[in-house]
Amino acid sequence: MRSPYTFNHGGDRTFEEERYVSVNIVAKRVAIVCCAASLADPFVASRARAESPDLTGVWIPDVRDQKRQETSNVPPWKPDILPQIEHMIAEEKAGRPFLVLSHCLPHGMPSFMLIMHNAFELLATPGRITMLGEVDGNRMRRIYLDGRPHPEDPDLTLHGHSIGHWDSETLVIDTTAIAPQAYIAISEAVGIPNNGDMHILERLHLAKPDVLYDDLEIMAPKVFDATWKTTRIFRRYPQRHYEITEGECAQEDLIPGKDQFGNDIFVPNPQGPYGSVHTVK
């Protein structure tokens, strides 16, 4: 008996031969479709990434809106925390401000976003977004977009550990592992350490092409009675080509001087009793 897979070399194909040819054609077509699909997947993923909004560049904080929210959107402080806040506000009004961020430590989260008064630069690289603050090298956040989870046993830091993902055109950022010493500051003179277990969710999105909103949800169970929701606004001016500049947090406490050999150095700047904002004239 002849195998159905042998051809009739006399000219015409048998039924078995026709069926074999048809099966071959279908198999080739399926293989081509599968191959095309496998090639399309990376392309679709790449296109999806390419369609993410461009958040790169130098962003200027809306300080006026920050000031407005000092009174219009007060954090839900616990009753035992509120007297501390009221004392700080009174001291500031009396000309004796508590300098929340005067210790040359990183601003930390959430103060990095809440009371930023200088520009910051946002850099997008594969698997990561980096925020660079203008004040000094300690003002830096890394937001990992490569799918990693938070570490199971993290080393606590002032900025914490941030991971993110895109939800349509919104960058969702989840930050944990924040050191308890990191302040929740509502101004440069009013703020309280979070005291531990703080968790922050952010949703960064463009309200307009060059207007960035950061919607924050701050959960700080040691100092808040409830989750605090607030928004910070930043603006980008691409036509002005802003660049962030170098600055050091201690530099205002110093002035140019000379050492005993005539070398150029910094020397202490005479100050009043309440810090560098009260420099003696």
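The preceding data block contains the structure.
Within every chain, residues take consecutive numbers counted from 1 along the sequence as written. Given that this is a predicted model, residues contribute local features only at a pLDDT of at least 70 and side-chain atom pairs are listed and counted only at 80 or more, while totals for whole chains, interfaces and linings are drawn from all residues. Remark: hydrogens and water are excluded; side-chain values derive from all non-hydrogen atoms of the structure.

Trainee: Describe the pairing of strand 3 (residues 128-133), naming the residues involved and giving the relevant values.
Mentor: Note: strand 2 (residues 120-125) against strand 3, six bridges, orientation antiparallel. Note on strand 3: the bridge partner recorded for Ala124 is Ile129. Strand pairing is defined by DSSP finding a minimum of two bridges between the two strands. Going along the chain from the N terminus, every DSSP run of H or I of four or more residues is numbered as a helix, and every run of E of two or more is numbered as a strand. Between the end of strand 2 and the start of strand 3, which pair antiparallel, lie two residues, with Gly127 showing a positive phi angle near 80 degrees. Judged from the five bridges that link them, strand 3 and strand 4 (residues 140-144) form a sheet pairing that is antiparallel. Its bridge partner lying in strand 4, Ile129 is registered against Ile143.

Trainee: Pulling in residues and values, what's your account of the packing of aromatic side chains?
Mentor: Each aromatic pair joins two rings of Phe, Tyr and Trp (for Trp, the six-membered one) with centres within 6.5 Å, and gets the label stacked for planes under 30 degrees apart, edge-to-face for over 60, and tilted for any other angle. Taken as a whole and assessed by the stated rule, the structure comprises five aromatic pairs. Between Trp77 and Phe224 the ring centres are 5.3 Å apart and the planes differ by 65 degrees, which places this aromatic pair in the edge-to-face class. Here Trp77 is found in the loop between helix 2 (63-72) and helix 3 (82-93), whereas its partner Phe224 is found in the loop between strand 10 (211-219) and strand 11 (228-236), with 147 residues between them in sequence. Here the aromatic rings of Phe120 and Phe234 are separated by 5.3 Å at their centres, their planes lie at 90 degrees, and the arrangement is edge-to-face. One end of the pair, Phe120, is in strand 2; the other, Phe234, is in strand 11, with 114 residues separating them in the sequence.

Trainee: How would you summarise the pattern of salt bridges if you had to cite specific residues and measurements?
Mentor: The salt bridge criterion pairs a side-chain nitrogen of Lys or Arg with a carboxyl oxygen of Asp or Glu, the two atoms within 4 Å. Overall, the coordinates contain eleven salt bridges when judged by the stated rule. In this structure, Asp65 and Arg68 form a salt bridge, with 2.8 Å as the shortest nitrogen-oxygen distance. Taken together, the residues Asp65 and Arg68, both in helix 2 and three residues apart, mark about one turn of the helix. By relative accessible area, which is 12% here, Asp65 ends up buried. Each residue's exposure class comes from its accessible area (1.4 Å probe, protein chains only) as a fraction of the maximum for that residue type: buried when under 20%, exposed when over 50%, partly exposed otherwise. Residue classification places Arg68 among the partly exposed residues on the basis of a relative accessible area of 46%. For Asp225, the salt bridge is made with Lys78, and the minimal N-O distance between the two is 3.7 Å. Taken together, the residues Asp225 in the loop between strand 10 and strand 11 and Lys78 in the loop between helix 2 and helix 3 connect sequence positions 147 residues apart.

Trainee: Help me get a handle on the nonpolar core, residues and values and all.
Mentor: One broad trend across soluble globular proteins is that nonpolar side chains are buried collectively. In terms of nonpolar packing, the biggest core is built from 42 residues, with Trp77, Met113, Met131, Ile184, Ile218, Val223 and Phe224 touching the most fellow members. Note on contacts: a residue pair qualifies if any of its non-hydrogen atoms lie within 4.5 Å across the two residues. Ile218 has contacts with Pro110, Leu114, Met198, His199, Ile200, Phe224, Ala226, Thr227 and Trp228, leaving out every residue within four places of it along the chain. We call a set of buried Ala, Val, Leu, Ile, Met, Phe, Trp, Tyr and Cys residues a nonpolar core when their side-chain atoms join them within 4.5 Å.

Trainee: Run through the side chain of Glu121, naming residues and quoting values.
Mentor: Following the sequence through the fold, Glu121 ends up in strand 2. His is not counted, nor are the chain ends, whereas Lys and Arg count as positive and Asp and Glu as negative. We note that Glu121 is buried and unpaired, the nearest opposite charge coming from Arg236 at a distance of 10 Å. Each residue touching Glu121, except ones within four places of it in the same chain, is listed here: Gly57, Val58, Thr130, Met131, Leu132 and Ile244.

Trainee: Describe the environment of Ile60, naming the residues involved and giving the relevant values.
Mentor: By the element assignment, Ile60 lies in strand 1 (residues 57-61). Since its relative accessible area comes to 25%, Ile60 is described here as partly exposed. Placed 182 residues apart in sequence, Ile60 and Tyr242 show a C-alpha to C-alpha distance of 9.4 Å. When neighbours within four sequence positions are excluded, Ile60 is seen to be in contact with Ala119, Ile233, Phe234, Arg235, Tyr237 and Tyr242.

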